[in-house]
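Chain and residue survey
Below are the chains, spelled out letter by letter.
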Amino acid sequence: TPGLNNYRQNVQGSGIFNAPDLEATLEAAATCADRTLRLSAVVRNAGSRGVPAGVTVEFRRTAPAPEETVGSAATTRPLLPGGSERVTVTVTDVPQDVDLAFEVLVDGAGGAAEPGAVIECDEENNRAEDDARCPGLI
């Protein structure tokens, strides 16, 4: 019968989930001898549509208070489905003997309300956290 032999086609179709889905992971690595900290985020597109280059990646210190932005960057190439890019910033003058906490926000992490934001199928996974500590030098 025409039209019924489609069991193995695995056609995804279109709909609300046919969209990009940006995810983030964060890694904080301290070089305590010169009081610097490298914050490295991997931005991955887990969705089914690509996104253009220029996705905003913001790095924030969340502890100790007050919170502040310590750096920002943008992706440099388009992220096709399954694609990823590592974005890194360096923080200088890291305080010693203080527990530090950082987070990365991808694509503004505020959803479609942000100017230039990518409309995604899941806006809740655009943030990641990590912490670091530089012990006092003797």
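A brief structural summary. (Residues numbered from 1 in each chain as written. Predicted model: local features only at pLDDT ≥ 70, side-chain atom pairs only at ≥ 80, totals over all residues. Heavy atoms only, no water.)

**Remarks on the overall build of the protein**
The helix and strand tally for the protein stands at zero helices and seven strands. For the protein, the N- to C-terminal ordering of α and β elements is β-β-β-β-β-β-β. When each of the 138 residues of the protein is scored for burial, the buried share is 35%. At a minimum sequence separation of 6, the contacts of the protein that also span at least 24 residues come to 68%. (Helix = DSSP H or I, 4+ residues; strand = E, 2+ residues; numbered from the N terminus. Buried < 20%, exposed > 50% of the residue type's maximum accessible area, 1.4 Å probe, protein only. Contact = heavy atoms within 4.5 Å.)

**Quick look at the pattern of salt bridges**
Counting across every chain of the model gives nine salt bridges. Of the charged contacts, one joins Glu68 and Arg61 as a salt bridge, the two residues approaching to 2.7 Å between their closest N and O atoms. Among the charged side chains, a salt-bridge network with shared partners connects Glu58, Arg60, Glu67, Glu103 and Arg127. (Salt bridge = Lys/Arg side-chain N within 4 Å of Asp/Glu carboxyl O.)

**Concerning the sheet that holds strand 1 (residues 22-31)**
Pairing is antiparallel in the open sheet, where three strands are placed in the order 1-2-5. Edge strands, defined here as strands with exactly one partner in the open sheet, are strand 1 and strand 5 (84-91). Within the sheet, the average angular offset between the axes of one strand and its neighbour, ignoring direction, is 20°. In this structure, strand 1 lies alongside strand 2 (residues 36-45), joined through 10 bridges in antiparallel fashion. When the sheet's bridge partners are listed, Glu27 is paired in strand 2 with Ser40. (Pairing = 2+ DSSP bridges. Axes fitted to C-alpha atoms, helices over the stretch in contact; angles between N-to-C directions.)

**Thoughts on the pairing of strand 2**
Of all the 10 residues making up strand 2, seven are buried; the element is thus mostly covered by neighbouring parts of the structure. Hairpin geometry of strand 1 and strand 2 is characterised by an intervening segment of four residues between the two adjacent antiparallel strands and by a positive phi of about 55° at Arg35. Here strand 2 pairs with strand 5 via eight bridges, running antiparallel. Across the sheet, the residue bridging to Val42 is Arg86, located in strand 5.

**Observations concerning the sheet that holds strand 6 (residues 100-106)**
Spatially, the four strands line up as an open sheet ordered 4-3-6-7, and their pairing is antiparallel. Each of the sheet's edge strands pairs with one partner strand only, and the pair in question is strand 4 (68-74) and strand 7 (127-132). The average undirected angle you get between the axes of adjacent strands in this sheet is 20°. As judged from the six bridges shared by strand 6 and strand 7, these two strands associate in the antiparallel manner. Residue pairing for strand 7: Leu105 is matched across the bridge by Arg127.

So yeah, pure geometry; function would need other evidence.
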